Number of protein chains: 2
Amino acid sequence: MPTNDEKSKELPVRLRLARYLENQGKRKTPERFAILEKIYSSSTHVDVGTLYTSMLADGFRVSRSTVYNTLGLLIEAGLIRSVALGDGITRYERITTVNNHHHLVCTHCGKVKEVKATELVGDMLVKKPRSFEPSYYSLYIYGLCSRCSRKEHNSKKKTKK
Amino acid sequence: MPTNDEKSKELPVRLRLARYLENQGKRKTPERFAILEKIYSSSTHVDVGTLYTSMLADGFRVSRSTVYNTLGLLIEAGLIRSVALGDGITRYERITTVNNHHHLVCTHCGKVKEVKATELVGDMLVKKPRSFEPSYYSLYIYGLCSRCSRKEHNSKKKTKK
DNA sequence: TTTACTGCAAATATTTTGCAATATC
DNA sequence: GATATTGCAAAATATTTGCAGTAAA
């Protein structure tokens, strides 16, 4: 968990990871930073397979075990988060406490669009939950994207597969 | 996808599934209803393994393939949703459009608590997202539960594993 | 009666584990 | 130099697929 100091300043991730590793007495291996960077630099949510192969494609040699290990560690550290979108594949995405974004997930085609938090949400938390210390939140809005919404209109009923 | 009529009335799930199957020209098999019931009646989010074994424990014979098939179908139908909590296991939970609830996820011990939406959130959507037809949303608040929050206070730094 | 769906078993894919080699501290 | 961490290969799990048999409609 990042401390409150770290959160309010929102240090670069590499530093946040470094700090976490120091506090925990863990080692700063290149693999850990490379995987972190990869997740933070990818525009979409990535699954383990894609992450692994795209690292190799970048010329960075890692083993699958290390990828799995590191994902666990980064979650522990509060730097990434896993997400299920409904297709059974677990994906991972960065956590940012400032510049928060939300997700519009199309329940029909599965497309995910990110939108800036400020564009959508007003005063979200009106009451702090009792006996719970909130750190960040994640909002997923499910519905139909414009394309699928149009399709739905045309072919009502009997949409044989 | 449930139609708008269905949503506003919030019919019993069994009926909503029945309707979906009719509209799609699919069959009303006992397995589909049994799996639906199981998910809707379980207090926590369930993973595939637990779902499968607990159905057998109830004396209901299903195959794993059917469980997987059905989960996909129920997601398609907009009756359940998959969730990733950070431990790599994909879980499933019911979707309710009325009586909405949110999730307090402890980033330390992983405990998930459900809270009534109205207890936490004020006017959430201030603007409808452009070219997107929202159907329901899912809010996860990550942070520390009271137990873990207390622990954290005591043992700052050097929490060797 | 037709054929969508189930269950089974086998094929894939995904994740975990044990251990020797390596690199961080 | 001590040992946490990596990579590899093998083991354990989880998921998908093909197909014959079953049961909804």
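Predicted model only: the values in this text are computed from it and were never measured.

Here is what the cut-offs are and how they apply
- Residues numbered from 1 in each chain as written.
- Chains lettered and ligands numbered in written order.
- Predicted model: local features only at pLDDT ≥ 70, side-chain atom pairs only at ≥ 80, totals over all residues.
- Heavy atoms only, no water.
- pLDDT = per-residue confidence, 0-100.
- Helix = DSSP H or I, 4+ residues; strand = E, 2+ residues; numbered from the N terminus.
- Contact = heavy atoms within 4.5 Å.
- Near = heavy atom within 4 Å.
- Polar contact = N/O pair within 3.5 Å; in protein donor to acceptor, adjacent residues only side chain to side chain.
- Nonpolar A, V, L, I, M, F, W, Y, C, P; charged D, E, K, R; others polar.
- Expected span 1.5 Å × (residues − 1).
- Pairing = 2+ DSSP bridges.
- Axes fitted to C-alpha atoms, helices over the stretch in contact; angles between N-to-C directions.
- Parallel < 35°, antiparallel > 145°, perpendicular 65-115°, else oblique.

A. Inspection of the confidence of the model for chain A at higher detail. Residues and elements named next belong to chain A. Overall, the prediction assigns chain A a mean pLDDT of 75, with 54% of residues at 70 or greater. Mean pLDDT across the elements of chain A bottoms out in helix α1 (residues 4-9) (43) and peaks in helix α3 (residues 30-41) (96). Scored below 50 in pLDDT, residues 155-161 shows seven contacts in the model against residues more than four places distant or in partner chains.

B. Focus on the environment of B:Leu79. Residue and element names in this part refer to chain B. Within the secondary structure, Leu 79 is located in the loop between α5 (64-76) and β2 (80-84). Each C-alpha atom of the pair Leu 79 and Ser 54 lies 20 Å from the other, and the pair is 25 residues apart in sequence. Among residues more than four places away in sequence, those in contact with Leu 79 are Val 13, Arg 16, Leu 17, Leu 36, Tyr 40, Leu 74, Glu 93, Arg 94 and Ile 95.

C. Main features of the side chain of A:Arg91. Mapped onto the fold, A:Arg91 is located in strand β3 (residues 90-94). Here A:Arg91 is in contact with A:His45, A:Val46, A:Asp47, A:Arg81, A:Ser82, A:Val83 and A:Leu85, once residues within four sequence places are set aside.

D. Up close: the protein's contact with DNA strand D. Close contacts around DNA strand D come from 15 residues, with A:Arg27, A:Arg32, A:Ser65, A:Thr66 and B:Tyr68 the closest. When atoms of DNA strand D within 4 Å of the protein are split into backbone and base, the sugar-phosphate part holds 65%. At 3.0 Å from a phosphate oxygen of DNA strand D is found a side-chain nitrogen or oxygen belonging to A:Arg61. Of the residues that constitute the surface near DNA strand D, the class distribution is three nonpolar, five polar and seven charged.

E. Fine view of helix α2 (residues 13-24) of chain A. Residues and elements named next belong to chain A. Look at α2: 16 Å from first C-alpha to last across 12 residues, which is about the 16 Å you get at 1.5 Å a residue. Tucked inside the fold, the buried residues of α2 contact α3 and α5 (64-76). At the exit of α2 stands Gly 25, carrying a positive phi of roughly 65°.

F. Region of interest: the protein's contact with DNA strand C. Near DNA strand C there are 16 residues, and of these A:Lys28, A:Tyr68, B:Arg27, B:Ser65 and B:Thr66 occur at the shortest range. Within 4 Å of the protein, atoms of DNA strand C come from sugar and phosphate in 68% of cases. The contact in question runs from a phosphate oxygen of DNA strand C to an N or O atom on the side chain of B:Thr29, over 3.0 Å. Taking B:Ser63, its main chain carries an N or O atom lying 2.9 Å from a phosphate oxygen of DNA strand C. Every element with two or more residues in the surface near DNA strand C is listed here: α5 of chain A together with α3 (30-41) and α5 of chain B. Along the lines of polarity and charge, the residues of the surface near DNA strand C split into four nonpolar, five polar and seven charged.

G. Layout of the side chain of A:Thr90. Turning to its location among the elements, A:Thr90 is positioned in strand β3. Of note is the side chain of A:Thr90, whose polar atom sits 3.2 Å from the side chain of B:Thr90. Sequence-distant contacts of A:Thr90, that is, excluding residues within four places in its chain, are made with A:Val46, A:Asp47, A:Val48, A:Ser82, A:Val83, B:Ala84, B:Gly88 and B:Thr90.

H. Up close: the sheet that holds β3(A). All names here are of chain A. Here three strands make up an open sheet; going across it, the order is β1-β3-β2 and the pairing antiparallel. Sheet topology places β1 (46-47) and β2 (80-84) at the edges, where each strand pairs with a single neighbour. Pairing of β1 with β3, which is carried by two bridges, proceeds in the antiparallel orientation. The residue bridging Val 46 from the neighbouring strand is Tyr 92, located in β3. Against the sheet, α3 touches β1, β2 and β3, its axis set at about 90° to β3.

I. Up close: the packing of α3(B) against α5(B). All names here are of chain B. Direction vectors running N to C along α3 and α5 enclose 70°, while the axes themselves pass 10 Å from each other. The angle between the axes of α3 and α5 places the two elements in the roughly perpendicular class. On the side of α3, the interface is formed by Glu 31, Arg 32, Ile 35, Leu 36 and Ile 39, while α5 contributes Thr 66, Val 67, Thr 70, Leu 71, Leu 73 and Leu 74. Of the residues in the contact of α3 with α5, the class split is seven nonpolar, two polar and two charged.

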